[in-house]
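Structural features, examined
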Amino acid sequence: VHKGEALGIIGRNGAGKSTLLKVVSRVLRPTSGRVWVKGVVVPLLEVGAGFHPELTGRENIYLNATLQGRSRREIDARLEAIVDFAELWNFIDSPLRTYSSGMVARLGFAVATAWEPDILILDEVLAVGDEDFQCKCQSRLQAFRERGTTVLLVSHSMAQVHSYCQRAIWMEQGEVRCIGPTSEVIEAYRSG
């Protein structure tokens with residue numbers, strides 16, 4: 001994957017897409033082979049990952065950003081922008097367990113993208129949330145790409161992969177079945 005590229009990863013449930021992202025994110029170790037990662041990786045692997053349901057949204061921002069290696073001073077400086085992006089001021093001091101899945105996704109995406117990573121890993125997180133929020137996420141991702149951020153995107157939405165990614169990988173049973181231009185990989189996946 002090249003710097004600044006958006007790579008889509010598609011396949012059926014259980015194909016190994018999320019496992020691959022966890023290996024790249026260093027959440028899991030590969031059982032064979034190697035992964036070389038150059039740069040700061042920010043994974044958004046699942047809605048609510050790195051969050052605690054009993055903590056408030058505000059407390060979870062600090063928890064999640066700390067897990068990403070951010071200092072309290074850095075988090076303080078970005079807190080308002082994070083809550084603004086997530087549009088959660090009315091709920092930010094409520095426990096996360098009271099949030100809808102869409103609200104948790106908004107908060108997770110806002111924290112993950114508050115600092116521009118070298119590599120952003122997204123696993124089905126853009127499928128949650130209303131249409132306006134999805135457009136907002138797409139705009140932020142596009143701005144990241146224009147500034148050179150690499151994005152790995154797992155999605156079951158072929159339209160999303162097609163519109164956002166230059167290349168794609170089709171995975172099946174833990175193996176890469178096809179890699180190439182997005183439209184060609186999607187066509188092979190649909191006919192295969």
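All of the points below concern the structure found in this document. (Residues numbered from 1 in each chain as written. Predicted model: local features only at pLDDT ≥ 70, side-chain atom pairs only at ≥ 80, totals over all residues. Heavy atoms only, no water.)

Here a disulfide denotes a covalent bond joining the sulfur atom of one cysteine to the sulfur atom of another. Counted by the stated rule, this structure contains zero disulfides. Cysteine Cys 135 shares no disulfide, and the gap to the nearest cysteine sulfur, in Cys 137, comes to 9.2 Å. Left without a disulfide partner, Cys 165 is nearest to the cysteine sulfur of Cys 178, which lies 14 Å away. (Disulfide = S-S within 2.5 Å.)

Evaluation of the coordinates by the stated rule reveals eight salt bridges. A salt bridge links Arg 58 to Asp 93; the shortest N-O distance between them is 2.8 Å. Note that Arg 58 is positioned in helix H2 (residues 57–67) and Asp 93 in the loop between helix H3 (72–86) and helix H4 (101–112), a separation of 35 residues in sequence. Among the salt bridges present, the one from Lys 136 reaches Glu 87, with a minimum N-O distance of 2.7 Å. One end of the pair, Lys 136, is in helix H5 (residues 131–146); the other, Glu 87, is in the loop between H3 and H4, with 49 residues separating them in the sequence. Taking relative accessible area as the criterion, Lys 136 reaches 23% and is therefore assigned partly exposed. For Glu 87, a relative accessible area of 47% gives the class partly exposed. Here the residues in one salt-bridge network are Glu 87, Arg 106 and Lys 136, joined through shared partners. (Salt bridge = Lys/Arg side-chain N within 4 Å of Asp/Glu carboxyl O. Helix = DSSP H or I, 4+ residues; strand = E, 2+ residues; numbered from the N terminus. Buried < 20%, exposed > 50% of the residue type's maximum accessible area, 1.4 Å probe, protein only.)

Turning next to the layout of surface pockets. Taken as a whole, the largest pocket spans an internal volume of roughly 910 Å³. Around the largest pocket sit 32 residues that line it, and Val 1, Leu 20, Val 24, Val 35 and Leu 152 are the ones nearest its centre. Mapped by element, the contributors of at least two residues to the lining of the largest pocket are strand E1 (6–10), helix H1 (17–24), strand E4 (150–154), strand E5 (167–172) and strand E6 (175–181). Here the element with the most residues in the lining of the largest pocket is H1; it accounts for four residues. In terms of residue class, the lining of the largest pocket is built from 17 nonpolar, eight polar and seven charged. As a volume, the second largest pocket reaches approximately 290 Å³. Taken together, 15 residues line the second largest pocket, and the ones lying closest to its centre are Pro 43, Ala 49, Gly 50, Asn 64 and Gln 68. Listed by contribution, the elements that provide at least two residues to the lining of the second largest pocket are strand E2 (41–44), H2 and H4. Here the lining of the second largest pocket gets three residues from one element, more than from any other, and that element is E2. Among the residues forming the lining of the second largest pocket, the class breakdown is nine nonpolar, four polar and two charged. (1 Å grid on protein atoms, 1.4 Å probe; cavity = no way out; pocket = protein on both sides within 12 Å on 5 of 7 lines; lining within 4 Å. Points joined across faces, edges and corners; volume = space filled by probe spheres on them. Nonpolar A, V, L, I, M, F, W, Y, C, P; charged D, E, K, R; others polar.)

With that out of the way, let us pick up the sheet that holds E1. Judged by pairing direction, the sheet is mixed, and its six strands sit side by side in the order E2-E3-E4-E1-E5-E6 without closing on themselves. With partners counted over all chains shown, the strands left at the sheet margins are E2 and E6, one partner each. Each adjacent strand pair in this sheet contributes to an overall mean axis angle of 15°, direction not counted. Of the pairings in the sheet, the one linking E2 to strand E3 (residues 119–123) comprises four bridges and is parallel in character. In the strand pairing of E3, Leu 44 is matched with Leu 122. Packing against the sheet, H1 makes contact with E1, E3, E4 and E5, and its axis sits at approximately 150° to E3. (Pairing = 2+ DSSP bridges. Axes fitted to C-alpha atoms, helices over the stretch in contact; angles between N-to-C directions. Contact = heavy atoms within 4.5 Å.)

Turning our eyes to something else, we now look at the packing of H4 against H5. Contact geometry for H4 and H5: axes closest at 12 Å, N-to-C directions at 15°. In this view, H4 runs roughly parallel relative to H5, as classed from their interaxial angle. The interaxial crossing formed by H4 with H5 has left-handed handedness. Where H4 approaches H5, its residues Arg 106, Phe 109 and Ala 110 are matched on the opposing element by Phe 133, Cys 137, Arg 140 and Leu 141. Residue classes in the contact of H4 with H5 are distributed as five nonpolar, no polar and two charged. (Parallel < 35°, antiparallel > 145°, perpendicular 65-115°, else oblique. Left-handed = near helix turned anticlockwise from the far one by under 90°.)

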